[in-house]
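Take a look at the letters that make up each chain.
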Amino acid sequence: MPKKRSLSMTLVLIIMLLCSCTRPARLEELNIAYGVAFDAVEQEGHFKATYHIPVYQTDDVENVTVSAVGNSSKETQGLAELQLTGKFGDDKMKLILIDKKLAEKGINPLIQPFIKDRRVPVLFKMAITEQSAAAIIETNKKPIDPSTQIVNMITENENQNAIPTNHLHIFLRDWTSLGEDPFLPLLSMSQEKTQISGIALFKNDKVVDTIKGYKNLLLFTIIQQSAQNAKYQFNSGPDLLTARIKDNSVRYKWNNKVSPPQMDITVDIEALLYESTHVFNMPTQSEYGVIKQSLDQDLKMSLEKMLRSFQERNIDPIGIGSIARSKERHWNAEDWDSIYPTVQIKVHVNSNFVGDDM
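Residues numbered from 1 in each chain as written. Predicted model: local features only at pLDDT ≥ 70, side-chain atom pairs only at ≥ 80, totals over all residues. Heavy atoms only, no water.

A. The pairing of strand S3 (residues 47-56), seen in detail. Of all ten residues in S3, seven are buried, a share of seventy percent or more. Bridge count for strand S2 (residues 35-40) against S3 is six bridges, and the pairing is antiparallel. By the bridge assignment, alanine 37 is partnered in S3 with threonine 50. Where S2 folds back onto S3 in an antiparallel hairpin, the turn is made up of six residues, including glycine 45, whose phi is positive at roughly 80 degrees. (Buried < 20%, exposed > 50% of the residue type's maximum accessible area, 1.4 Å probe, protein only. Helix = DSSP H or I, 4+ residues; strand = E, 2+ residues; numbered from the N terminus. Pairing = 2+ DSSP bridges.)

B. Quick look at the side chain of glutamine 311. Structurally, glutamine 311 can be placed in helix H9 (residues 285-312). Using a relative accessible area of 8% as the deciding quantity, one classes glutamine 311 as buried. A polar contact is formed between the side chain of glutamine 311 and the backbone oxygen of tyrosine 340, at a distance of 2.8 Å. Setting aside its immediate chain neighbours within four residues, glutamine 311 contacts Tyr340, Pro341, Thr342, Val343 and Ile345. (Polar contact = N/O pair within 3.5 Å; in protein donor to acceptor, adjacent residues only side chain to side chain. Contact = heavy atoms within 4.5 Å.)

C. Spotlight on the pairing of strand S4 (residues 61-70). As paired elements, S3 and S4 share ten bridges and run antiparallel to each other. Bridge pairing in S4 places lysine 48 opposite valine 69. Once S3 ends, the chain turns through four residues before running back antiparallel as S4.

D. Structural view of the confidence of the model for the protein. Model confidence for the protein is summarised by a mean pLDDT of 85, while 87% of its residues fall at 70 or above. Per-element confidence in the protein ranges from a low mean pLDDT of 52 for helix H1 (residues 2-21) to a high of 97 for strand S10 (residues 206-212). In this model, residues 20-28 is a region of pLDDT below 50 whose contacts with residues beyond four sequence positions or in other chains number one contact. (pLDDT = per-residue confidence, 0-100.)

E. Region of interest: helix H4 (residues 108-116). Taken together, the buried positions of H4 are occupied by Leu110, Ile111 and Phe114. For H4, the arc enclosing every buried residue in end-on projection is 60 degrees, short of the 170-degree limit, so these residues lie on one face. (Arc of directions from axis to C-beta.)

F. Region of the structure containing the packing of aromatic side chains. This model, assessed by the stated rule, comprises ten aromatic pairs. Taken together, a centroid distance of 6.3 Å and an interplanar angle of 90 degrees make the contact between phenylalanine 220 and phenylalanine 310 edge-to-face. Of the two residues, phenylalanine 220 sits in helix H8 (residues 214-224) while phenylalanine 310 sits in helix H9, which places them 90 residues apart along the sequence. Accessibility classification places phenylalanine 220 together with phenylalanine 310 in one group, the buried group. Judged by centre distance (5.8 Å) and plane angle (35 degrees), the rings of tryptophan 336 and tyrosine 340 are tilted. A relative accessible area of 2% means that tyrosine 340 is categorised as buried. The rings of Trp254, Trp331, Trp336 and Tyr340 are connected pair by pair, giving a single aromatic cluster. A cation over a ring is seen here: arginine 325 above tryptophan 331, with NZ or CZ 6.0 Å from the ring centre. (Phe/Tyr/Trp six-rings, centres within 6.5 Å; stacked < 30°, edge-to-face > 60°. Lys NZ or Arg CZ within 6 Å of the ring centre and 35° of its normal.)

Quick look at the structure:
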């Protein structure tokens with residue numbers, strides 16, 4: 001019996017020693033960041049990082065922010081941690097906001113630590129801001145914190161196909177793919193309300209252009225992905241009409257046997273005639289034919305105009321180059337930079353009115 005008691009005491013002491021050596025940090029000692037905002041500063045090669053740390057209580061949330069200026073994300077995180085009581089944690093980071101002026105210089109130094117971090121979730125969101133990124137993340141949102149609120153807003157718009165789906169991994173895929181350029185949502189703030197104002201277009205890791213306005217944003221979503229339940233205004237004779245696009249699909253056909261090479265893009269649309277500028281009886285079959293022709297022509301001209309603007313800037317957010325690469329055995333990235341601006345892009349729109357909603 002004494003031997004058994006002695007053995008039991010020894011085991012208890014060993015367990016206590018092991019537990020004391022591996023004791024995790026208490027929750028109240030951790031400062032867990034949900035989001036980070038990067039802004040430009042006057043000092044060359046430096047930027048300001050503002051980390052958002054929400055502290056949830058029983059029926060409230062306190063939004064703590066801490067800022068630091070440095071020349072790398074690793075440095076700013078270290079400087080931010082010095083300002084905090086307790087350890088800095090980023091394993092729940094879900095949002096990166098980047099000021100447009102800073103993004104025009106290149107975002108690679110800002111996002112490198114997140115690219116290498118395997119803990120970063122697949123749906124980790126990034127966005128470009130028209131105003132100060134810090135001002136957006138410092139907004140005192142309740143009952144949820146601003147980082148979560150912004151992520152929810154972007155995700156909801158993606159789910160409704162108001163904007164193309166995007167997150168860190170999609171951005172990295174487009175950035176590293178041959179024949180395609182990335183893009184991110186563009187945010188703005190008015191009276192402390194954050195909203196999606198457009199799309200920021202990239203060449204490599206630099207913002208070089210933006211898409212703004214409801215119609216342009218809808219056109220980009222149509223050609224880039226698929227728009228659903230979106231209203232599109234167009235003229236048909238003297239009437240200003242509105243079609244509700246229920247769904248659409250896009251098909252591409254590459255032809256490099258002609259000079260210059262040609263890309264035919266066919267957009268198939270299911271739509272409802274939604275409203276007009278005056279009251280009239282339901283269109284006849286022949287009148288529907290005229291309306292369909294007007295919608296097809298309006299969309300064709302608007303989409304071709306947008307695609308030409310991409311060619312003029314030598315940016316390819318649609319991935320025309322990627323499609324051509326999949327069709328050509330000897331496709332070359334260096335040659336494509338000079339070929340892409342000359343490609344004849346022709347859009348064909350086939351709309352089908354599936355009913356009425358007037």
